[in-house]
Amino acid sequence: MKFAAFRLRHGTPAEIERVRVGLVSTEQDNIAEYGVSTNLTEAGVLTLLNLQLAKQPLPATTTTHSLSAIQLLAPIPRPRRNIFCVGKNYFEHAKEFGTSGFDSSTSKPGDEIPKDPIIFTKPPESVIGPGANIVIPQQVSNAVDYEVELTVIIGKGGKGISQANAMQHVWAYTAINDVTARDWQQRHKQWFLGKSFDTFCPMGPWVVTADELDVNDISVKCWVNQELRQSSNSKDLIFNIPKLIETISAGITLYPGDIIATGTPAGVGLGFKPPKYLAPGDIVKLEIGGVGVLENPLVMG
């Protein structure tokens with residue numbers, strides 16, 4: 001099932017402002033709106049997850065909208081916690097980044113491939129939805145990069161989750177663009193600041209429940225202005241999803257709706273010589289196989 005958060009493009013101001021959730025049919029190019037009366041401005045599709053965890057039926061659908069008649073939002077418009085992110089989790093990207101001179105986690109040659117998952121976070125305020133502008137902050141950074149990432153949405157929470165049981169805690173998948181200010185990432189050593197500017201976490205276009213995908217074979221691609229830059233598959237992850245869940249939950253309780261971005265493959269702008277950083281007017285398009293397409297333009301702030 002594909003669940004999305006959205007607003008209407010047309011209607012009264014109150015109708016347009018209200019955040020809604022629905023069941024997406026990509027075959028019929030429409031979305032069936034669920035009859036939910038609660039405020040979904042922050043939770044979005046997590047309202048549906050919470051009903052499922054409580055073993056309650058989903059609300060009846062009320063109206064069907066064409067996808068062209070709605071504005072998709074990030075499926076979780078305002079996550080309750082920081083997004084967990086994984087660095088250097090594809091072999092070729094680990095080499096690409098580890099030899100770039102920007103990687104503070106690599107102390108000597110041969111350290112490019114991490115022995116344990118590298119985890120950092122992005123704040124909820126960085127999240128934007130499909131079509132929203134990624135803002136390059138004027139006079140702050142001139143080295144803004146893209147990173148396509150297959151992303152996990154946690155269903156049942158827990159702590160000390162084993163790899164053997166980890167997939168029982170996955171509710172759904174989506175796509176995230178882990179936008180990064182490379183100059184800040186290098187300057188400040190710890191990656192949080194360079195990863196966390198406002199608008200630096202496009203998410204969407206919706207979530208796809210875990211039963212619909214083979215997590216060991218999901219394509220991961222990114223285009224910039226129709227030029228294919230990144231193309232890989234989840235089978236190439238250094239640390240698979242069960243390992244990531246086990247690692248994070250060893251000391252941190254995971255809650256329903258927590259988000260884990262699993263890392264990006266080779267082909268980021270930093271990896272080109274000279275680097276191909278993003279500029280105002282660029283369009284970044286991500287595609288996660290079985291999930292969908294997430295596209296965002298770049299503007300100068």
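This one's a predicted model, so the numbers in the text were calculated from it and none came from an experiment. (Residues numbered from 1 in each chain as written. Predicted model: local features only at pLDDT ≥ 70, side-chain atom pairs only at ≥ 80, totals over all residues. Heavy atoms only, no water.)

Student: Can you walk me through helix α2 (residues 46-53) in this structure?
Tutor: Given 3.6 residues per helical turn, the α-helix brings residues three or four places apart onto the same face. Every buried residue belonging to α2 is among L46, T47, L48, L49 and L51, and all of these are buried. The inward-facing, buried residues of α2 contact β1 (2-8), β2 (20-25), β3 (30-34), β11 (148-154) and β12 (170-177). Following α2 by one or two positions, K55 adopts a phi angle in the positive range, close to 60 degrees. (Buried < 20%, exposed > 50% of the residue type's maximum accessible area, 1.4 Å probe, protein only. Helix = DSSP H or I, 4+ residues; strand = E, 2+ residues; numbered from the N terminus. Contact = heavy atoms within 4.5 Å.)

Student: It is not clear to me how the pattern of salt bridges should be interpreted in this structure. Could you clarify?
Tutor: Close approach of charged atoms lets side chains of opposite charge pair. With the rule as written, the count across this model stands at 15 salt bridges. Ionic pairing is found between R18 and E33, a salt bridge with its closest N-O pair at 3.5 Å. One end of the pair, R18, is in the loop between α1 (13-17) and β2; the other, E33, is in strand β3, with 15 residues separating them in the sequence. Judged by relative accessible area, which is 4%, E33 ranks as buried. Residues joined in a network through salt bridges with shared partners are K122, D145, E147, D178, R182 and K195. (Salt bridge = Lys/Arg side-chain N within 4 Å of Asp/Glu carboxyl O.)

Student: Before we go on, may I ask you to explain the packing of aromatic side chains in this structure?
Tutor: For any two aromatic rings, the description comes down to two numbers: the centre-to-centre distance and the angle of the planes. With the rule as written, the count across this model stands at five aromatic pairs. Here the aromatic rings of F3 and Y34 are separated by 6.2 Å at their centres, their planes lie at 55 degrees, and the arrangement is tilted. Within this pair, whereas F3 is found in strand β1, its partner Y34 is found in strand β3, the two being separated by 31 residues in sequence. Arranged with centres 5.0 Å apart and planes meeting at 35 degrees, the rings of F197 and F200 form a pair that is tilted. Here the two residues F197 and F200 agree in accessibility, since each one is buried. (Phe/Tyr/Trp six-rings, centres within 6.5 Å; stacked < 30°, edge-to-face > 60°.)

Student: Whenever I open this one, empty space enclosed by the protein confuses me. Can you help?
Tutor: Any empty space left between atoms is shown by rolling a water-sized probe over those atoms. The full count for this structure, using the stated rule, is one cavity of 30 Å³ or more. In this structure, the largest cavity encloses a volume near 70 Å³. If you list the elements that add at least two residues to the lining of the largest cavity, you get β6 (83-87), α3 (91-98) and α4 (182-188). In terms of residue class, the lining of the largest cavity is made up of four nonpolar, five polar and six charged. (1 Å grid on protein atoms, 1.4 Å probe; cavity = no way out; pocket = protein on both sides within 12 Å on 5 of 7 lines; lining within 4 Å. Points joined across faces, edges and corners; volume = space filled by probe spheres on them. Nonpolar A, V, L, I, M, F, W, Y, C, P; charged D, E, K, R; others polar.)

Student: In this structure, what is going on with unusual backbone geometry? I would like to understand it.
Tutor: Note on backbone geometry: most residues besides glycine have negative phi, and most peptide bonds are trans. Between G204 and the following residue, P205, the backbone shows a cis peptide bond with an omega angle of 5 degrees. Note the cis peptide between K273 and P274, where omega equals 0 degrees. Along the chain, P274 turns up in the loop between β17 (259-261) and β18 (283-288). For K55, which is not glycine, the phi torsion reads 60 degrees and is therefore positive. With respect to the helices and strands, K55 occurs in the loop between α2 and β4 (61-66). For K55, a relative accessible area of 77% puts it in the exposed group. Phi at K88 is positive, roughly 50 degrees, even though this residue is not glycine. Tracing the chain through its elements places K88 in the loop between β6 and α3. Taking the relative accessible area as the measure of exposure, K88 reaches 4% and is therefore buried.

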